[in-house]
Amino acid sequence: MKNHSIKEVDAVVLGAGFAGLYMLYQLRSKGFSTVVYEAGDGVGGVWYWNRYPGARCDVESIYYNYTFSKELYEEWNWTSRFPEQEEILNYLNYVADRFELRKDIQFNIRVNAAHFDEERSKWLIYLNNGSQVYAKYFITGIGCLSAANIPNMKGLNQFKGKWYHTGHWPHKKVDFTGKRVGIIGTGSSGIQAIPVLAKEAKHLTVFQRTPQYTIPARNHFYDEEFIRSTKENFETLKQAMRNSVAGSPHQQNDRSAMEDSESKQQQVFEDAWAEGGFAFAMSYNDLLTNEQSNEKAADFIRSKIREIVKDPKVAERLSPKYMYGTKRQVLDTDYFETYNRDNVLLVDVKESPIDEITETGVKTADDQYELDILIFATGYDGMTGPLFKIDIKGRGGIALKDKWENGASVRTYLGLTTAGFPNLFMITGPESPSVLVNMPIAIEQHVEWIANCIEYLREHDIDLMDTNVQAEEEWSKHCREVANTTLYVKGDSWYTGANIAGKHRSFLIYLGGFDYYTKRCIEIAQNNFEGFTLQKLKTMS
Ligand code: NAP
């Protein structure tokens, strides 16, 4: 049914994080009327929601920013190698102000549904305040990790203390002084929070299901001279990142670990450990493709854990047994050292599973732990989770969730579009390089491609762009084939969906290299958007 009183815009964008802000900037500068809907009351996306203690980025700050504006790069000064959440949030607020983006962002609004209206050939977007809006283009910038995973644990509603998820942290500082704190989960979020919590709380109990390979971040403040030199090198740096395998100017060692003697391997790993950051992951070219090389890296990290952690039993519990890197490499500050503190207890919940949350704490198969505060650092329903939270329906009223068989059959073209959902674009969607690339760089590439594409459609009077089924079948197959040459697919992680009970296992990150991917996107656009059907409508209502 037509409803002419509903507001219409050229584009609706979801989310005001790195992706949504830049998408708005691009579309507005090309003259498209655009509105961004953001569930939070401020910009920042993941950096708005993740305010847990110790939250910081594990990509170096001088690379973890936009590169579309030289002026912006010159104006902003990062203070340290791995920026804290607050600093990144300040940066994104600065960007929003500098480019006057706020006037087209509506805060505290959630998009409940987006249905493709075939009669009008527009997307009808349903907001949680009861209103609706029509848009020619519907663009998601909701990230890959925004659907929090709060495990369905018996008794949580009877817990008398306070509980939080790291991804929905309160704005007001939580005071841990004198408190008995429990934390479930030892992924990137948990490992960042644990050392900080241990210092603040009276006692900290860590409930660990799977130990992690974590490497010292070796954070430090930048000096003025260093910042000045990065600004001078901006163009070189930008090109290096945009033409790289993973959106970073760092080059991976071009050798297999198997080419080096044991003593040389040790030296390479020691140097990488001392350098900190992702140097370890880049120390050889086959850590994620060759099981023998992988085991060497894993052995090295286990030896470090034994060196650092004084109690051998605790060290053993903290030592991962699965293949290195198949869960995301974590960076930490004094993580293993924290277990030498008297006020920290490690509980292995694989050995002794959590039975229930009681009024006063956590009860495992073997013990009861009294707590004032319980923290879930239990991660996210990644990749498809954020999209499935919205009722997205394409042609014929088919729901995205149904088309993708609830995750069992995800099909996309370039991770950007999916057949039957015309004029829908997913920034860093499933089957794009996304989280295995430095995110702001991956986002810029997607946003620029989408903006140029929409401009092309306008210039050629094309109303609808839909993906061909064959093109998406081929892309998805290619994506799976590349992933299957790596060890990633063998790991139980959020990458594979193994972290969510009942979720279909699939690896939805394109691993063919960001440089190759970017070239492919450009070629497709230059070949008049091969793989898409471009349609002109005779009459538009
Ligand atoms: P995560 O890596 O998925 O870790 C979740 C942790 O919770 C795991 O240890 C998991 O154990 C545990 N867990 C989940 N459900 C559980 C249950 N029912 N019982 C007991 N334990 C349970 O999540 P995350 O730490 O939030 O990190 C997610 C991703 O966000 C990271 O990989 C990274 O990409 C990004 N991130 C980045 C930064 C950064 O830049 N520094 C910081 C935070 C997050 P299992 O391993 O056994 O599943």
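Keep in mind that this is a model prediction, so the values were computed, not measured.

1. Some details on the overall build of the protein
Phase 1: When its secondary structure is counted, the protein shows 16 helices and 20 strands.
Phase 2: Relative to a compact globule of 541 residues, whose C-alpha radius of gyration would be 24 Å, the protein shows 24 Å and is just as compact.
Phase 3: By its C-alpha atoms, the protein is 75 × 55 × 45 Å across when sized along the principal axes.
Phase 4: By residue count, 58% of the 541 residues in the protein fall in the buried class.
Phase 5: Once local pairs closer than 6 in sequence are excluded, the contacts in the protein between residues at least 24 apart make up 72%.
Phase 6: Total accessible area on the protein stands at roughly 22700 Å², and carbon and sulfur atoms take up 48% of it.
Phase 7: Of note, the protein has its 61 positive side-chain charges centred 4 Å away from the centre of its 72 negative side-chain charges.

2. Remarks on the site of the ligand
Phase 1: The environment of the ligand is made up of 24 residues, and the closest members are Arg56, Ser189, Gln192, Thr210 and Lys327.
Phase 2: A distance of 3.0 Å is found between an oxygen atom of the ligand and a backbone nitrogen or oxygen belonging to Asp58.
Phase 3: One of the side-chain N or O atoms of Gln192 is found 2.8 Å from a nitrogen atom in the ligand.
Phase 4: With the chains in place, 88% of the 910 Å² that the ligand exposes on its own is no longer accessible.
Phase 5: Residue composition of the shell around the ligand, by class: nine nonpolar, ten polar and five charged.
Phase 6: Three or more residues apiece are contributed to the shell around the ligand by two domains, here domain 1 (9-147 + 382-529) and domain 2 (149-213 + 325-379).

3. What about unusual backbone geometry?
Phase 1: Residue Asn108 is not a glycine yet carries a positive backbone phi of 55 degrees.
Phase 2: Position of Asn108 among the secondary structure elements: in the loop between strand E3 (105-106) and strand E4 (111-117).

4. Digging into helix H8 (residues 262-275)
Phase 1: Taking 1.5 Å per residue as the helical rise, H8 with its 14 residues ought to reach 20 Å, and the 20 Å between its terminal C-alpha atoms agrees with that figure.
Phase 2: Those residues of H8 not exposed but buried are Gln265, Val268, Phe269, Ala272 and Trp273. Along H8, the residues classed as buried sweep out an arc of 135 degrees about the axis, all on the same side.
Phase 3: In the core, the buried residues of H8 are packed alongside strand E10 (214-216) and helix H9 (291-308).
Phase 4: Positioned one or two residues after H8, Gly276 has a phi angle of 80 degrees, which is positive.

5. Focus on the packing of aromatic side chains
Phase 1: Under the definition given, this model contains 48 aromatic pairs.
Phase 2: Considering the side-chain rings of Phe269 and Phe300, the 5.5 Å spacing of their centres and the 40 degrees angle between planes classify their relative orientation as tilted. Here Phe269 is found in helix H8, whereas its partner Phe300 is found in helix H9, with 31 residues between them in sequence.
Phase 3: Residues Tyr488 and Phe507 carry aromatic rings whose centres are separated by 5.5 Å and whose planes lie at 35 degrees to one another, so their mutual orientation is tilted. Placement of the pair is Tyr488 in the loop between helix H15 (469-483) and helix H16 (514-526) and Phe507 in the loop between H15 and H16, with a sequence separation of 19 residues. This pair shows no difference in class: Tyr488 is buried, exactly as Phe507 is.
Phase 4: Joined through ring pairs, the aromatic side chains of Phe18, Tyr22, Tyr25, Trp47, Tyr64, Tyr66, Phe68, Trp76, Trp78, Tyr91, Tyr94 and Phe99 make up one cluster.
Phase 5: Of note, Arg51 hangs over the ring of Tyr48, and the distance from its end group to the ring centre comes to 4.8 Å.

6. Considerations on the pattern of salt bridges
Phase 1: Counted according to the given criterion, the structure contains 39 salt bridges.
Phase 2: Residues Glu232 and Arg228 are paired through a salt bridge, measuring 2.4 Å at the closest nitrogen-oxygen approach. Residue Glu232 and its partner Arg228 are both found in helix H6 (residues 224-232); the two are separated by four residues, about one turn of the helix.
Phase 3: The class for Glu232 is exposed, based on a relative accessible area of 57%.
Phase 4: Judged by relative accessible area, which is 41%, Arg228 ranks as partly exposed.
Phase 5: Across the pair Glu351 and Arg317 runs a salt bridge whose closest N-O atoms are separated by 3.9 Å. Placement of the pair is Glu351 in the loop between strand E12 (344-348) and strand E13 (354-357) and Arg317 in helix H10 (residues 312-317), with a sequence separation of 34 residues.
Phase 6: Here Glu351 falls in the exposed class, since its relative accessible area comes to 56%.
Phase 7: On the basis of relative accessibility, which here comes to 29%, the residue Arg317 falls in the partly exposed class.

Conventions we followed
- Residues numbered from 1 in each chain as written.
- Predicted model: local features only at pLDDT ≥ 70, side-chain atom pairs only at ≥ 80, totals over all residues.
- Heavy atoms only, no water.
- Helix = DSSP H or I, 4+ residues; strand = E, 2+ residues; numbered from the N terminus.
- Rg over C-alpha atoms; globule rule 2.2 N^0.38 Å.
- Buried < 20%, exposed > 50% of the residue type's maximum accessible area, 1.4 Å probe, protein only.
- Contact = heavy atoms within 4.5 Å.
- Areas by Shrake-Rupley, 256 points an atom, 1.4 Å probe, with all protein chains shown as cover.
- Lys, Arg positive; Asp, Glu negative; His and termini not counted.
- Charge placed at Lys NZ, Arg CZ, Asp CG, Glu CD.
- Near = heavy atom within 4 Å.
- Polar contact = N/O pair within 3.5 Å; in protein donor to acceptor, adjacent residues only side chain to side chain.
- Nonpolar A, V, L, I, M, F, W, Y, C, P; charged D, E, K, R; others polar.
- Domains from an automatic or database assignment.
- Expected span 1.5 Å × (residues − 1).
- Arc of directions from axis to C-beta.
- Phe/Tyr/Trp six-rings, centres within 6.5 Å; stacked < 30°, edge-to-face > 60°.
- Lys NZ or Arg CZ within 6 Å of the ring centre and 35° of its normal.
- Salt bridge = Lys/Arg side-chain N within 4 Å of Asp/Glu carboxyl O.

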